[in-house]
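In case you want the letters, here they are:
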Amino acid sequence: MENKNRVLNQERIARFAKAMGHPTRIAILQFLAKQSTCYFGDIHEELPIAKATVSQHLKELKDAGLIQGEVETPKVKYCINRENWRLAKELFGEFFNNTLLEKEDCCK
């Protein structure tokens, strides 16, 4: 069971990392993290890119579970998925804390 949980956590952190692997997505996450909720138009106004591109990045973040969206016709409201945000923080923290190198010059 421990191995299964480890693999599941590795898959989760990889999915979160992939979704966060673009500067625009980091900008979106930083913007949303400062808001309780906001609408698509607010995000588009914040970022100097096409609406279709913003939508594509939002979809990646939503598919990874880092954000959530809710339709309030005719608008879509987005916010950080707080449960997965905490999980990502925990998983990344464990990853970096458990992989610290003792030696400073590993290749010498």
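Calculation notes
- Residues numbered from 1 in each chain as written.
- Predicted model: local features only at pLDDT ≥ 70, side-chain atom pairs only at ≥ 80, totals over all residues.
- Heavy atoms only, no water.
- Salt bridge = Lys/Arg side-chain N within 4 Å of Asp/Glu carboxyl O.
- Helix = DSSP H or I, 4+ residues; strand = E, 2+ residues; numbered from the N terminus.
- Buried < 20%, exposed > 50% of the residue type's maximum accessible area, 1.4 Å probe, protein only.
- Pairing = 2+ DSSP bridges.
- Contact = heavy atoms within 4.5 Å.
- Axes fitted to C-alpha atoms, helices over the stretch in contact; angles between N-to-C directions.
- pLDDT = per-residue confidence, 0-100.
- Core = buried A, V, L, I, M, F, W, Y, C linked by side-chain atoms within 4.5 Å.
- Polar contact = N/O pair within 3.5 Å; in protein donor to acceptor, adjacent residues only side chain to side chain.
- Parallel < 35°, antiparallel > 145°, perpendicular 65-115°, else oblique.
- Nonpolar A, V, L, I, M, F, W, Y, C, P; charged D, E, K, R; others polar.

### Structural notes on the pattern of salt bridges
Here is step 1 of the chain: By the definition in use, this model includes four salt bridges.
Here is step 2 of the chain: Of the charged contacts, one joins D63 and K59 as a salt bridge, the two residues approaching to 2.7 Å between their closest N and O atoms. In this pair, D63 and K59 are both assigned in helix α4 (residues 51-63), four residues apart and thus about one turn of the helix distant.
Here is step 3 of the chain: Judged by its relative accessible area of 46%, D63 falls in the partly exposed class.

### Here we look at the sheet that holds strand β1 (residues 38-39)
Strand pairing in a sheet relies on backbone hydrogen bonds, with the paired strands running either antiparallel or parallel.
Here is step 1 of the chain: Here three strands make up an open sheet; going across it, the order is β1-β3-β2 and the pairing antiparallel. Taken across any chain shown, the strands that pair with only one partner, and hence form the sheet edges, are β1 and β2 (67-72).
Here is step 2 of the chain: The pairing of β2 with strand β3 (residues 75-80) spans six bridges and is antiparallel. Its bridge partner being in β3, E72 is matched across the sheet by K75.
Here is step 3 of the chain: The sheet contacts of helix α2 (residues 23-33) involve β1, β2 and β3, and relative to β3 the element is tilted by about 85°.

### Let's talk about the confidence of the model for the protein chain
Here is step 1 of the chain: Taken over all residues, the pLDDT of the protein chain has a mean of 90, while the share at 70 or more is 91%.
Here is step 2 of the chain: When mean pLDDT is compared element by element in the protein chain, α2 scores highest at 96, while β1 scores lowest at 89.

### Some thoughts on the nonpolar core
Here is step 1 of the chain: L32, I43, L58 and I67 are the most contacted members of the largest nonpolar core, which totals 21 residues.
Here is step 2 of the chain: Those elements that place two or more of their residues in this core are α1 (2-19), α2, α3 (40-46), α4, β3 and α5 (82-98).
Here is step 3 of the chain: The element that contributes the greatest number of residues to this core is α2, accounting for four residues.
Here is step 4 of the chain: Residue contacts for I43: discarding those within four places in its chain leaves I28, F31, L32, C38, V54, L58 and Y78.

### Here's the deal with the side chain of N81
Here is step 1 of the chain: Checked against the element boundaries, N81 lands in the loop between β3 and α5.
Here is step 2 of the chain: One polar contact links the side chain of N81 to the main-chain amide nitrogen of N84, over a distance of 3.1 Å.
Here is step 3 of the chain: Those residues in contact with N81, other than ones at most four positions away along the chain, are G65, L66, I67 and Q68.

### Notes on the packing of α2 against α4
Here is step 1 of the chain: Two elements in contact, α2 and α4, have axes whose closest approach is 10 Å; the angle formed by their N-to-C orientations is 75°. By the angle between their directions, the pair α2 and α4 is classed as roughly perpendicular. Residues T24, R25, I28 and L29 of α2 form the contact with α4, whose participating residues are H57, L58, E60 and L61.
Here is step 2 of the chain: Across the contact of α2 with α4, the residue classes tally to four nonpolar, two polar and two charged.

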